[in-house]
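Here's the letter readout for the chains.
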Amino acid sequence: PDENKTNLVLKGVDVLRNNWFFLFVDAMNEMKVPVYGFEALRNFRFNTARPNTHIHVSSGLDWFDAKVEIEFGEQRVGIDEIKTALVNKQSFVQLGDGTLGILPDEWLKRYSLLFKVGDGRTDQLRLSKYHMSVIDELYENRDEKELSFELDEKYERLKEFKNIPETAAPEHLQPILRPYQVSGFQWLNYLNDVGWGGILADDMGLGKTVQALSFLHHFKDTHDNLRALVVCPTTLMFNWENEIRKFTPSLTYHIHHGGERTRNKILLDNKNVIITTYGTLRSDIKMLVDIDFDYVVLDESQAIKNPASKVTKAASLLKAKHRLCMSGTPLQNNTFDIYAQMNFLNPGMLGSMEFFRQEFAIPIDKFGEQDRKDHLRKILFPFILRRTKEQVAKDLPDKTE
């Protein structure tokens with residue numbers, strides 16, 4: 001062999017890693033070094049063009065539409081091909097001329113979540129209003145050449161989740177509520193305005209009940225009426241009763257529980273708050289499903305973490321304009337715990353059970369994949385408010401012995 005020759009061998013997977021292929025081709029072009037032999041590679045017939053991307057995002061009534069155009073040179077790629085590549089964890093797509101188009105790492109980082117949560121086939125993706133944070137992320141880090149936006153004022157209102165409007169708490173509660181509880185009240189009010197369901201997930205002992213009640217009181221004041229159902233573990237029923245008496249005595253309530261409980265819907269009709277347990281909800285769903293509630297509140301909502309359980313199914317059947325969960329531990333054992341709670345709050349937001357399991361639960365719990373954690377965090381963070389005792393220590397009273 002010629003002494004001056006150097007052999008460098010790269011495995012196929014290494015060629016794809018960290019854009020080595022593009023960087024190599026670009027470097028050779030700059031050095032005016034011709035590169036031959038791509039055509040002869042049987043398994044790796046790469047297209048040397050980078051993806052030329054244009055995505056136009058517009059807002060509809062309750063959704064976002066993204067018109068997608070992606071080309072590798074002369075070859076156009078549809079949404080289907082991108083989705084297939086993402087499902088198979090491949091960083092390339094099969095093009096019409098038999099070559100492979102490479103999706104560079106920074107492209108995947110920027111756009112993969114959009115393609116995963118959006119529904120669509122050829123060139124149009126539709127995202128629900130619940131995926132606002134995905135759109136927001138694109139908007140914040142937009143590349144002017146690749147992305148254009150046409151968003152209405154409703155989107156601007158949704159964007160306020162980073163800076164929630166200040167609403168005055170009910171007057172009689174203003175001297176009682178601590179600053180973080182006022183923020184919680186305003187967050188609940190904001191969710192109500194934009195039509196989202198969320199989880200109030202403050203640590204135990206930070207007064208989630210009083211935050212929820214101050215909001216329900218405000219709802220009644222501004223709507224002239226309130227019909228709410230509170231579902232909680234049996235041990236917390238009388239806690240709700242005591243807190244209503246103490247903090248929002250103008251709300252009428254009824255405890256729907258026990259062998260003597262009424263089967264007469266009319267008796268429940270004129271109360272602001274019906275308090276019941278998860279067990280009673282399961283048994284009495286036929287009656288409760290006939291009532292149109294303004295709010296359904298699930299306290300200790302991890303009780304519905306199993307999507308297949310009867311109680312989860314019963315909760316999902318309830319008719320409610322708005323839904324709220326409360327839990328200091330929405331994720332008890334694993335990532336999948338959050339699925340049923342979110343699906344109860346905002347149906348369809350996390351896709352099908354199988355999609356969520358493959359896309360998030362397994363990669364996060366089994367393999368600790370950081371990018372999936374980040375993706376899930378991006379989707380969820382507008383819908384979960386969690387403060388720990390340490391975070392609000394300055395708002396808490398001194399311990400009383």
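Owing to the predicted nature of the structure, the values given are computational and were not obtained by experimental measurement. (Residues numbered from 1 in each chain as written. Predicted model: local features only at pLDDT ≥ 70, side-chain atom pairs only at ≥ 80, totals over all residues. Heavy atoms only, no water.)

1. So, the overall build of the chain
As a reminder of what qualifies: Think of it this way: any DSSP run of H or I at least four residues long counts as a helix, any run of E at least two long counts as a strand, and we number them from the N terminus. Each residue is assigned to one of three classes by its accessible area relative to the maximum for its type, calculated with a 1.4 Å probe on protein chains only: buried under 20%, partly exposed between the two thresholds, exposed over 50%. When checking whether two residues touch, look at their non-hydrogen atoms; a contact exists if any pair is within 4.5 Å.
Looking only at helices and strands, the chain features 16 helices and 14 strands. Each principal axis of the C-alpha distribution contributes one length, and for the chain these read about 95 × 45 × 45 Å. Relative to its full complement of 401 residues, the chain shows a buried share of 49%. Taking the intrachain contacts of the chain between residues at least 6 apart in sequence as the baseline, contacts between residues at least 24 apart amount to 67%.

2. Examining helix α15 (residues 353–365)
How we decide: In this analysis, the expected span of each helix is defined as 1.5 Å times one less than the number of residues it contains. Bending is quantified residue by residue as the angle between axes fitted to the seven-residue window ending at that residue and the seven-residue window starting at it.
Between its first and last C-alpha, α15 extends only 16 Å over 13 residues, short of the 18 Å set by a 1.5 Å rise per residue. Along α15, the largest kink reaches about 25° and is centred on E359; proline P363 follows within four residues of it. Turning to α15, the residues buried within the fold contact α4 (105–117), α14 (337–345) and α16 (370–380).

3. A look at the side chain of E146
Applicable threshold: Identification of polar contacts relies on pairs of N or O atoms within 3.5 Å, with a donor-acceptor requirement for protein atoms, meaning one able to donate a hydrogen and the other able to accept it, and with residues adjacent in sequence counted only if both atoms are side-chain atoms.
One can find E146 in the loop between α5 (132–140) and β7 (147–150). A polar atom in the side chain of E146 sits 2.5 Å from the side chain of Y111. Every residue in contact with E146, bar those within four places of it in the chain, is listed here: T53, H54, I55, R110 and Y111.

4. Observations regarding the side chain of D203
With respect to the helices and strands, D203 occurs in the loop between β8 (198–200) and α8 (208–223). Apart from the residues lying within four places of it in its own chain, the contact partners of D203 are K208, R386, R387, T388 and K389.

5. A look at the sheet that holds strand β10 (residues 253–255)
Which entries qualify depends on this criterion: Here the rule is simple: two strands pair whenever DSSP picks up at least two bridges between them. In this analysis an axis means a line fitted to C-alpha atoms, helices contributing only their contacting stretch, and an angle means the value between N-to-C directions, from 0 to 180 degrees.
Pairing within the open sheet is parallel, and its seven strands lie in the order β10-β11-β9-β12-β13-β8-β14. Both edges of this open sheet fall to β10 and β14 (384–385), since each of them pairs with a single strand only. As paired strands, strand β9 (residues 228–232) and strand β12 (residues 292–299) are joined by four bridges and run parallel to one another. Across the sheet, residue V231 finds its bridge partner in β12, namely L298. Lying on the sheet, α8 is in contact with β8, β9, β12 and β13 (319–326); it crosses β13 at an angle near 155°. Its contacts with the sheet put α14 on β8, β12, β13 and β14, and the angle it makes with β13 is roughly 145°.

6. Looking at the pattern of salt bridges
Going by this rule: A side-chain nitrogen of Lys or Arg and a carboxyl oxygen of Asp or Glu constitute a salt bridge if their distance falls within 4 Å.
In this structure the tally under the stated criterion is 19 salt bridges. R126 is the partner of D65 in a salt bridge, and the nearest nitrogen-oxygen pair spans 2.9 Å. On the criterion of sequence distance, the pair formed by D65 in strand β2 (residues 63–72) and R126 in strand β6 (residues 124–128) is long-range, its members being 61 residues apart. Of the charged contacts, one joins R386 and D203 as a salt bridge, the two residues approaching to 2.8 Å between their closest N and O atoms. Placement of the pair is R386 in the segment after β14 and D203 in the loop between β8 and α8, with a sequence separation of 183 residues.

7. Remarks on the packing of aromatic side chains
Note the cut-off: Note on aromatic pairs: the rings of Phe, Tyr and Trp (six-membered ring only in Trp) are paired at centre separations within 6.5 Å, and the planes decide the class, stacked below 30 degrees, edge-to-face beyond 60, tilted for the rest. Both a distance and an angle decide whether a charge sits over a ring: NZ of Lys or CZ of Arg must be within 6 Å of the ring centre and within 35 degrees of the ring normal.
Counted according to the given criterion, the structure contains 14 aromatic pairs. Where F215 meets Y295, the ring centres are 5.3 Å apart and the plane angle is 70°; that geometry is what we call edge-to-face. Taken together, the residues F215 in helix α8 and Y295 in strand β12 connect sequence positions 80 residues apart. Looking at F215, the relative accessible area reads 1%, which means it is buried. When its relative accessible area of 4% is taken as the criterion, Y295 is described as buried. Grouped by ring-pair contacts, the aromatic residues F336, Y339, F355, F356 and F360 constitute a single cluster. Above the face of the Y139 ring, R142 is positioned so that its terminal group lies 4.4 Å from the ring centre. The cationic tip of R357 hangs over the ring face of F336; the distance from NZ or CZ to the ring centre is 4.4 Å.

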